Amino acid sequence: MDVQKLKTKAKSSNGMIRAESLFKRTLVGVGIAMIVLVVGLMITLIIESIPSMKNLGIKYLWGRTWDPVNNVYGALPFLIGTLLTSFLALIISIPFSFAIAIYLGEYNPKGWLSNFLKNTVELIAAVPSVIYGFWGLLVLVPLVRSLEIKVGVLPYGIGIFTASLILAIMIIPYAASLGREMIRLVPSPLKEGAYSLGATRYEVIKNVVIPYTKSGLFAGILLSLGRALGETMAVTMVIGNTSMIPDSIFGPGNTMASVIANEFTEADHTLYLSALIELGLVLFIVTVIINMIGKRIIKRFTNE
Amino acid sequence: MNKNVNIKYRMGKSRFIQGLIIFFAFLITVPLLLIIIYIFREGITKINWAFLTQIPKPVGEAGGGIVNALIGSILIVLTASVIAIPIGILCGIYLSENKTGRLAYWSRLSVDVLQGVPSIVIGIVVYFWVVKPIGTFSAVSGSIALAIMMLPILVRSTEETLKLIPFSLKEAGLALGLPYHKVILKVIVPCGISGILSGIMLSIARIAGETAPLLFTAFGNPYLNTNLARPMQSLPLMIFNYATSPYDEWHDMAWGAALILLFTVLLLNIITKLTTRRWNVQL
C-alpha cells in the first residue's frame, strides 16, 4: 500500500518535472518564434521583390514614371509623395505635440485638467485611421478646397496638403506622450537651481528643460515620423492617388503605402506585383531603422 | 538699463509663452471633438434595428444594413485574439523572466521591430503566407494579420506588468517547493492579471479599427458569411469601401458603421483606462 503511494508520488513528481521543463521549453520556443516571425517577414518581402530587383535594378528607386500598362516602374513619385506628406505632417504637428508635452510635463502635471488633456491625446491615438480618412474626405476636403480657391491654386481639395493635415492630427499623440515623460524626468534640483538664480518660468523651460530633454524630444519626433511614413488608410482616402510626381503641395499624389493599398489586388503580372512589394520592402526597412534609432535614444535617455 | 522694466518684460514674456503653450495644447481637443460630434450627428440617424440586422441592399434600393460587417468584424477579431493572446502572454512571461541573455535580447528586439512595421506591410506578407498557398482570400488570413499586429502590445504590457511584481513573491513560491511553472502561472500571472487584461483590451481596441492588413486578406464580402475560410466583411473595410464610393446612400451607411466602430473603440479604451486606474497599474 505504502509502496504504491510512494510510486504514485514519484510519478507525479516526475510529471511535475516534465511539466516544468515543457513549460520552460514553451517559453523559449515562443521567444524564438518572435524572431522567426520578424526574420520571416523580411525574407518574404525580399524574395517576393526579387523579380523587380532583377528587372529594374537600382534605377527603380529614381525612375520618374509609374506606368503598369507599359510595364514601366519608377518609385520616385511615391518616395517624394511619402516624404512630402510625412515631413509636412511633422512640421504641422510639432508645435502641438511640444505644447502638450510641456504643459503636461512642466506647467500642470497633475489635476483634472491635465488628466482631461492626457486622455484626449490618448483617444486621438485610438481613433481608427479609416475614420480619420472618412471624416477627412467628407469634411476636410471641402474645407481645403474652398481654402485653395481663396489662395488661387487648382482646387482639388484632395492632395498632399489634406493628407498632411490628417496625418498631423494622427501623429501628435506619439511625440506628445513621449515628450511628456521625458520632461518629467528632468531632475527638479536643476530647475530649482535656475529658479533660485532668478530665472522666469519660460527661461527655465528654454534653458534647462528643453536642453536636458533634447534627445528625448527628438526620439519622439522620430517615432511620429515612423508612424507617418507607414500610415495607409487615412492617406489613401484623401491624397488623390495619382502616380505622378506632385507639382505642388496642394496637388494630388500618392505615397508608398497608399499605392500598395490601391494597386496590390489589381496587380495582374509578376513584375507589377513585385514592384509593389519592393515598395513595401523599402517602407519596412525605412520605418524599422527610424523606430530603432528612436528607441535606442529613449533607452539611453532613460538609463542615464 | 532699468532693471524694473527688464524683469517686467521677462515676466511678461514668460506669461505670454505660457498662454501660447496652453492655447496650442488645448487646441488638440478641437479635432477630436469635431470628429466625434460630426460622426455622431451623421451616424445616429442611420442606426436602427434594420441597419443592425440586414445585409446591404444593392445601390439604388433603400434600406439594408451592415450585419455582415458586424458579425465579420467580431469573428475576425475574436479569431485574432485566440491566436495572439496565448503567444503574446507567453512571450511577455519569457521576456520578463529573462532580462539578459542573447536569445532574449533578439526576441525583445524582434518585438520592437514588429511594433514599428507598417500595417500594410503585414498585409502583404500574410497574403503570401496564407492567401496565396490556400488560393482564396479568407477571414482567417485577416485574423492572422491582425494577430501579428496584436502581439507587440500584448508582449509589452505583459512584460512591463510582470516586471513590477516583487521578486520575493516568486522566492516564497519556490521556497514552498512549487515547481517553476506553477509559480509563474499560479502566483506571478494572477498578481499581474489586471495589467495583462488591460493589455489585451488595448490590443483589441487597436486592431478592431485596422483596415490596411485586411485589404488583401479578409478582402470583404457583400453577403453574410460565417465561414472563416471564405472572404469576410468587416466594419473598417466596409467603411473604406463605402466611403470611397460615389453613392450617397453608401456614405450614409458608412457613417452609421463609423459611429459603431468609433464608439466601440473609444469605449474599450476608456474601460481599459478606468480598470488600470482602479488597479493602479502603470502601463
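If you're wondering where the values come from, they're calculated on a predicted model, not measured in any experiment.

Participant: What should I look at first to understand the overall build of chain B in this one?
Facilitator: A count of helices and strands for chain B gives 12 helices and 0 strands. Along the chain direction, N to C, the helices and strands of chain B fall in the order α-α-α-α-α-α-α-α-α-α-α-α. Relative to a compact globule of 283 residues, whose C-alpha radius of gyration would be 19 Å, chain B shows 24 Å and is clearly more extended. Seen through its C-alpha atoms, chain B measures out along the principal axes to roughly 75 × 70 × 35 Å. Within the span of chain B, comprising 283 residues, buried residues form 48% of the whole. Restricting to contacts in chain B with at least 6 residues of sequence separation, those with at least 24 account for 74%.

Participant: Please clarify how the packing of helix H7 (residues 188-196) of chain A against helix H8 (residues 201-230) of chain A should be interpreted in this entry.
Facilitator: Geometrically, a packed helix pair is captured by the angle between its two axes and the distance between the axes. Residues and elements named next belong to chain A. The geometry of H7 relative to H8 is characterised by a closest axis approach of 10 Å and an angle of 160° between their N-to-C directions. On the basis of their axis angle, the class for H7 and H8 is roughly antiparallel. The interaxial crossing formed by H7 with H8 has right-handed handedness. Between H7, through Leu 190, Lys 191, Ala 194 and Tyr 195, and H8, the contact on the second element is made entirely by Val 204, Asn 207, Val 208 and Tyr 212.

Participant: Help me out: how do you make sense of the domain arrangement of chain A in this one?
Facilitator: Frequently, the measure chosen for interface size is the accessible area removed from exposure when the parts meet. Taken domain by domain, chain A comprises domain 1 (2-48) and domain 2 (61-303). Inter-centroid distance (C-alpha atoms) of domain 1 of chain A to domain 2 of chain A is 41 Å.

Participant: Got a minute to help me understand the interface of chain B and chain A in this structure?
Facilitator: Between chain B and chain A, the contact holds 68 residues from the first and 67 residues from the second. Counting only elements with at least two residues in the side of chain B that touches chain A, the list comes to helix H1 (3-27), helix H2 (29-44), helix H4 (67-97), helix H5 (102-116), helix H6 (119-134), helix H9 (180-191), helix H11 (235-243) and helix H12 (248-279) of chain B. Classifying every residue of the side of chain B that touches chain A gives 50 nonpolar, 13 polar and 5 charged.

Participant: Even after reading the chapter, I still don't get H11(B), so can you show me in this structure?
Facilitator: The periodicity of an α-helix, 3.6 residues per turn, causes residues three or four positions apart to be oriented the same way. Among the 9 residues of H11(B), 8 are classified as buried, and the element is accordingly described as predominantly covered. Every buried residue of H11(B) is listed here: B:Leu235, B:Pro236, B:Leu237, B:Met238, B:Ile239, B:Phe240, B:Tyr242 and B:Ala243.

Participant: Looking at this model, I keep getting lost on unusual backbone geometry. Mind explaining?
Facilitator: Leaving glycine out, the prevailing phi sign among residues is negative, and the prevailing peptide bond configuration is trans. All names here are of chain A. Positive phi, normally seen in glycine, also occurs at Asn 71, with a value near 60°. Along the polypeptide, Asn 71 turns up in the loop between helix H2 (50-56) and helix H3 (76-107). A count of 12 C-beta atoms within 10 Å places Asn 71 in the exposed class. In this structure, Asn 241 takes a positive phi of about 55° despite not being glycine. With respect to the helices and strands, the residue Asn 241 is situated in the loop between helix H9 (233-238) and helix H10 (256-263). A count of 20 C-beta atoms within 10 Å places Asn 241 in the buried class.

So, how was this worked out
Residues numbered from 1 in each chain as written. Chains lettered and ligands numbered in written order. Predicted model: local features only at pLDDT ≥ 70, side-chain atom pairs only at ≥ 80, totals over all residues. Helix = DSSP H or I, 4+ residues; strand = E, 2+ residues; numbered from the N terminus. Rg over C-alpha atoms; globule rule 2.2 N^0.38 Å. Buried ≥ 20, exposed ≤ 12 C-beta atoms within 10 Å, placed from the backbone. Contact = placed C-beta atoms within 7 Å. Axes fitted to C-alpha atoms, helices over the stretch in contact; angles between N-to-C directions. Parallel < 35°, antiparallel > 145°, perpendicular 65-115°, else oblique. Left-handed = near helix turned anticlockwise from the far one by under 90°. Domains from an automatic or database assignment. Nonpolar A, V, L, I, M, F, W, Y, C, P; charged D, E, K, R; others polar.

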